[in-house]
Amino acid sequence: VGLYKHLTSKPKIPKGLKPLPGPKGYPIIGSVPDVPEKNGFIKFAEWGKEYGPIYNCNLAGSNHVWISSDKIAKDLLAKRAAIYSARPHIPALLDDNRTSAQYLPLLSNNDGWSRQRKFANAIMREAEKANWHHYPELEAKRLLVELLDDPSQYNHHLESFIARITCRLAWGHSEPSNELKQRARELLIGVSPTGALGNKLPFLMAMPDWMSPVKAWERRRAATERRFFQMMEEQVETEIKEKRAPPSWMRMAIEGGKEQWNFQYKDEGAYCVGMHGIAGALTIAAPMQTFCLAMCYYPQYQHLVQEEIDRVCGDRMPQPSDRPNMPVLRAFIREALRWRPPVPTGIPHYLIQDDEYEGYHIPAGTTMHPLEWAISRDPELYPDPEEFNPLRWLKPEYPTYKEPLTEFPTMFTGSTQAGYGRRLCMGSQVADEDMFIGIGSLAWLFHISKEDAKRNIMMNEKASISEEELNTGLDEDSDASSEKSQEVKFDPTEVKAKKESKKEVKKDEMDPTLDYSILLIAKPLPFKFDLKVRKPERVEIVRRQFEDGMEKGLYESPKNYWGDNKGKLGWGKV
Ligand code: HEM
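By convention here, each chain's residues receive numbers from 1 onward along its written sequence. Given that the model is predicted, a residue must reach a pLDDT of at least 70 before its local features are reported, and side-chain atom pairs must reach 80 or more before they are shown or counted; all residues, however, enter totals for whole chains, interfaces and linings. Only hydrogens and water are removed before side-chain values are computed, so all heavy atoms of the structure are retained for them.

1. Examining the overall build of the protein
Counted only if it meets this: Helix numbers and strand numbers start at the N terminus; a helix is a DSSP run of H or I with at least 4 residues, a strand a run of E with at least 2. Throughout, exposure labels follow a simple rule: accessible area from a 1.4 Å probe, protein chains only, divided by the maximum for the residue type, with under 20% read as buried, over 50% as exposed, and the rest as partly exposed. Working rule for contacts: check all heavy atoms of both residues, and any pair within 4.5 Å makes them a contact. Computed with a 1.4 Å probe, the accessible areas rest on the Shrake-Rupley method; for each residue, only the protein chains presented here act as cover.
Check the secondary structure of the protein and you find 19 helices and nine strands. Considering the protein as a whole, with its 574 residues, one finds that 57% of them fall into the buried category. Nonlocal contacts in the protein, meaning residues at least 24 apart in sequence, comprise 74% of its contacts between residues at least 6 apart. By element, 54% of the accessible surface of the protein is carried by carbon and sulfur atoms, the whole surface being about 24,700 Å².

Structure representation (structure tokens):
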């Protein structure tokens, strides 16, 4: 009875204030049954239209507030950051994410968080000064060759591209990239509300391992992760002793030591570096895959980015110094992030003290969601928000247009996708560089289309993709050839409005551009498309450069860290 009373009790509303509106839900479980597992963020956005840009929702006894407006998110999460910067508890992890100083993005704003953010700032600035050691350009060559040789594994190659850059930044080597991808995937499952069962049924985490497979899975995940991070630290330590350690975040952690970074437990530096590796490994691959998807369904725009690349780069691959000269490429990237936000529900903040907003009461203990999906669909700011339309960043008649075009549009940095207030993403500059070079290189070499896709490119290796993705079906009938539309023209000096060709986007569940994975970071599920080489001479150029790099030993092969994977450590079943 006590538990029932606790779960069904409503917070007391101080005099003069109103409760936030929101769906009523059911006793105890609240609105859980009304939220579909797939694309739940669309349901939350619909409720935003029904109840307003800030509303309240009970989910299994805990209080959640969903924000669909950038202004409100800034008013609360940034301007009142002192009380809105903690994180909610994630039940499916063994150690308390808020205090364990393992995962910086999941820590509450305590000493561990300040210490690690300081370290993160330093490693990012240092790597940025060194132009990220040109790792994105180096890995872009390997990516293109892999796509030429085996396009059917495109998602594996795109994810490897990102993971290899992050591994090089983190530890100075690309060989742990497959392991990093798996670590990222497993942690993502562990922390996603739609991932590990322990997040839906927290009591499973209180049982002994033999009664709770989900707890045993988490134990193996956590142990494997710890050992992996330790091994990487040991490797860099040895290399430092032997004076052959490439620059890396781990090397900075070791050389600065406790004196500089004030790490409080033995593996803290290894975790902080590893966490940055993980944060980078999957997030950036999502917009890269979204870009390919958008090119298939909005073919009228692709020639714009190709023209720009040909004009600026000719037969060499894009490089970081091209950035000011390529507003169109930046606009495609910014639009891909807006159209399909990589973290559509946002990463939640947690309110530590009762608050009031515009006459509404928000009780302490509320989980606050900046709902990126809805925030990036504000029709005032983004007319026809469901359309992928890169011109909204390039033509003066759109509210989002900003000059000078040498600087705007920015890509990830400065977008709402990077979060709010004191918890702003630490990796936005890495993300910008990786996406600019990665997506730019794809558009430099390939024409992406669905039109001639005769083969099924769904033969993903198990190693490249998680079970939830493998299990989701492919709509064999979907074919973009019916989506042919006129090419759109864009002249940067043109001021007058022109009517763009419009394409109808189906908003029902069958819309293939909404077929995304269900975890916290959403990426398109594998889909059919065709990669056609645009200029055969570019193939020779990129192959030659890659072979040169191979001869110089610049490209390491992936390493297997756990042998047959049957011991206490290794890849969990996902
Ligand atoms: C396109 C790629 C990326 C996206 C969409 C993304 C998104 C986000 C979001 C939404 C947050 C939470 C912000 C908040 O709580 O208000 C975040 C935090 C964070 N991100 Fe990123 N991120 C990306 C890339 C990266 C990369 C490449 C790194 C590092 C190499 C990184 C490191 C972090 C860290 C450490 C935090 C935690 C900051 C804190 O809680 O204090 N992210 N990111």
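2. Description of the site of the ligand
To keep things clear, this is the line we draw: The nearness test applies per residue and asks whether one of its heavy atoms lies within 4 Å of the molecule or strand. In the analysis that follows, any N or O atom pair within 3.5 Å is treated as a polar contact, provided that within protein one partner can donate a hydrogen and the other can accept it, and provided that, for residues neighboring in sequence, both atoms belong to side chains. In this analysis, the protein atoms alone were mapped onto a 1 Å grid. Cavities are point sets where a 1.4 Å probe fits without being able to get out; pockets are open sets with protein on both sides within 12 Å along at least five of seven lines; lining residues have an atom within 4 Å of a point. More than half of a molecule's atoms within 2 Å of the grid points is what it takes for that molecule to sit in a cavity or pocket. Polar here means any residue other than Ala, Val, Leu, Ile, Met, Phe, Trp, Tyr, Cys and Pro, which are nonpolar, and Asp, Glu, Lys and Arg, which are charged; Gly is therefore polar.
Residues in close proximity to the ligand total 25 residues, the closest being Arg87, Arg117, His349, Arg423 and Cys425. Between the ligand and the protein, one listed contact pairs an oxygen atom with a side-chain N or O atom of Arg87 at 2.8 Å. Contacts to the ligand include Tyr420, whose backbone N or O atom sits 2.9 Å from an oxygen atom. With respect to the pocket detection grid, the ligand is positioned in the largest cavity. Among the secondary structure elements, those contributing two or more residues to the shell around the ligand are helix H5 (111-129) and helix H12 (268-283). At four residues, H12 tops the list of elements feeding residues into the shell around the ligand. Classifying every residue of the shell around the ligand by side-chain character gives 15 nonpolar, seven polar and three charged.

3. Observations regarding the pattern of salt bridges
Note the following rule: When a carboxyl oxygen of Asp or Glu lies within 4 Å of a side-chain nitrogen of Lys or Arg, that pair is called a salt bridge.
Considering all chains together, one arrives at 36 salt bridges under this definition. Its salt-bridge partner being Glu37, residue Lys200 comes within 2.8 Å of it at the nearest N-O pair. Of this pair, Lys200 sits in helix H9 (residues 197-200) while Glu37 is found in the loop between strand E1 (18-19) and helix H2 (40-51), placing the two residues 163 residues apart along the sequence. A residue is classified by how much of its surface remains accessible, and Lys200, at 39% relative accessible area, is partly exposed.

4. Concerning a nonpolar patch on the surface
The line we're drawing: Note on patches: the residues involved have over 30% relative accessible area and no salt bridge, like charges join within 9 Å, and the nonpolar side chains Val, Leu, Ile, Met, Phe, Trp and Tyr join within 5 Å.
Together, Tyr26, Ile28, Ile29 and Val32 make up an exposed nonpolar region whose accessible area comes to about 320 Å². Among the secondary structure elements, Tyr26 is positioned in the loop between E1 and H2.

5. Considerations on the coordination of the iron atom of the ligand
Rules: Coordination shells were defined by N, O and S atoms within 2.8 Å of each metal, extended to 3.2 Å for Na, K and Ca; water is absent from the atom set, which can make sites look incomplete.
A lone protein donor contacts the iron atom of the ligand, and this donor is Cys425 (SG), found at 2.3 Å. With respect to the helices, strands and loops of the structure, Cys425 is situated in the loop between helix H16 (372-375) and helix H17 (428-445).

6. With respect to the nonpolar core
The criterion, for reference: The nonpolar core is taken to be a set of buried Ala, Val, Leu, Ile, Met, Phe, Trp, Tyr and Cys residues, with the residues joined through side-chain atoms within 4.5 Å.
Residues Trp171, Phe332, Phe388 and Leu442 are the most contacted members of the largest nonpolar core, which totals 119 residues. Residues within four places of Leu442 in sequence aside, it is in contact with Leu143, Leu144, Leu147, Leu158, Phe291 and Cys292. Counting residues in hydrophobic clusters, the runner-up holds 16 residues, among them Val65, Ile72, Leu76 and Ile83.

7. Regarding the packing of H5 against helix H11 (residues 249-261)
The condition is simple: A fitted line through C-alpha atoms serves as each axis, taken over the contacting stretch for helices, and the angle formed by two N-to-C directions is quoted from 0 to 180°. Any angle that falls under 35 degrees is termed roughly parallel, while one over 145 is termed roughly antiparallel, one within 65 to 115 roughly perpendicular, and all others oblique. Handedness of a crossing is defined here by the sense of rotation of the near helix relative to the far one, left-handed for an anticlockwise turn of less than a right angle and right-handed for a clockwise turn.
Look at H5 against H11: their axes get within 11 Å of each other, and the N-to-C directions meet at 135 degrees. By the angle class used here, H5 and H11 are oblique. Along this stretch, H5 crosses H11, giving a crossing that reads as right-handed. Of the residues in H11, those in contact with Arg115, Phe119, Ala122, Ile123, Met124, Glu126 and Ala127 of H5 are Trp249, Met252, Ala253 and Trp261. Within the contact of H5 with H11, the residues separate by chemical class into nine nonpolar, no polar and two charged.

8. What to know about empty space enclosed by the protein
Unoccupied space between atoms shows up once a probe the size of one water molecule is rolled over them. Here is the rule we go by: Grid points are joined across faces, edges and corners, and a volume is the space filled by probe spheres set on the points.
Enumeration according to the criterion identifies five cavities of 30 Å³ or more in this entry. The computed volume of the largest cavity comes to approximately 920 Å³. In this structure, the largest cavity is lined by 44 residues; those nearest its centre are Pro105, Ala279, Thr283, Ile347 and Cys425. Residue contributions to the lining of the largest cavity peak at seven residues, all from H12. Considering only residue class, the lining of the largest cavity consists of 32 nonpolar, eight polar and four charged. Roughly 60 Å³ of internal volume is contained in the second largest cavity. If you go around the second largest cavity, the residues you meet are Arg334, Leu337, Arg338, Ser376, Tyr382, Trp393, Ser415, Thr416 and Gln417. Partitioned by chemical class, the residues of the lining of the second largest cavity number three nonpolar, four polar and two charged.

9. So, the pairing of strand E7 (residues 367-370)
What counts here: Should DSSP find at least two bridges between two strands, the strands are taken to pair.
Residues Thr367 and His369 point to one face of E7 and Met368 and Pro370 to the other, with burial holding for every one of them. Bridge count for strand E3 (residues 62-67) against E7 is four bridges, and the pairing is parallel. Counterpart to His64 in the pairing with E7 is Thr367. Summarising the sheet, strand E4 (residues 349-350) and E7 pair through two bridges and their orientation is antiparallel. Residue pairing across strands places Tyr350 opposite Thr367, the latter belonging to E7.

10. Examining the packing of aromatic side chains
Definition in use: Within 6.5 Å between ring centres, the rings of Phe, Tyr and Trp (the latter by its six-membered ring) count as paired, and their orientation is classed by plane angle as stacked under 30 degrees, edge-to-face over 60, tilted in between. Here, a charge over a ring is recorded when the distance from Lys NZ or Arg CZ to the ring centre is within 6 Å and its angle to the ring normal is within 35 degrees.
Applying the stated criterion across every chain yields a total of 25 aromatic pairs. Both rings, one in Trp171 and one in Phe228, keep their centres 5.5 Å apart while their planes meet at 70 degrees; by these two values the pair is edge-to-face. One end of the pair, Trp171, is in helix H7 (residues 154-171); the other, Phe228, is in helix H10 (residues 213-241), with 57 residues separating them in the sequence. Of the aromatic side chains, those joined through ring pairs into one cluster are Tyr103, Trp171, Phe228, Phe229, Tyr265, Tyr271, Tyr561 and Trp562. Taking the ring centre of Tyr360 as reference, the NZ or CZ of Lys18 above it sits at 4.4 Å. The ring of Trp339 carries the charged tip of Arg340 above its face, separated from the ring centre by 3.9 Å.

11. As for helix H14 (residues 302-313)
Along an α-helix, residues three or four positions apart point the same way, because every turn accommodates 3.6 residues. Note the following rule: The span one expects for a helix is its residue count, reduced by one, times 1.5 Å.
For H14, with 12 residues, the first-to-last C-alpha span of 16 Å sits near the 16 Å given by 1.5 Å per residue. Within H14, burial applies to Gln302, His303, Leu304, Val305, Gln306, Glu308, Ile309 and Cys313. Contact partners of the buried residues in H14: helix H13 (285-297), helix H15 (327-339), H17 and strand E8 (446-449). Positive phi shows up at Gly314, right after H14, with a value of about 60 degrees.

12. Details of the state of the cysteines
Structurally, a disulfide amounts to a covalent bond that connects the sulfur atoms of two cysteines. Threshold: Throughout, disulfides are identified as pairs of cysteine sulfur atoms within 2.5 Å of each other.
Applying the stated rule across the entire model yields zero disulfides. The thiol of Cys167 is unpaired, and the distance to the nearest cysteine sulfur, on Cys272, comes to 16 Å. A relative accessible area of 0% means that Cys167 is categorised as buried. No disulfide involves Cys296; its sulfur sits 7.2 Å from that of Cys292, the nearest cysteine.

From the geometry alone we can't say anything about function, so treat these as descriptive.
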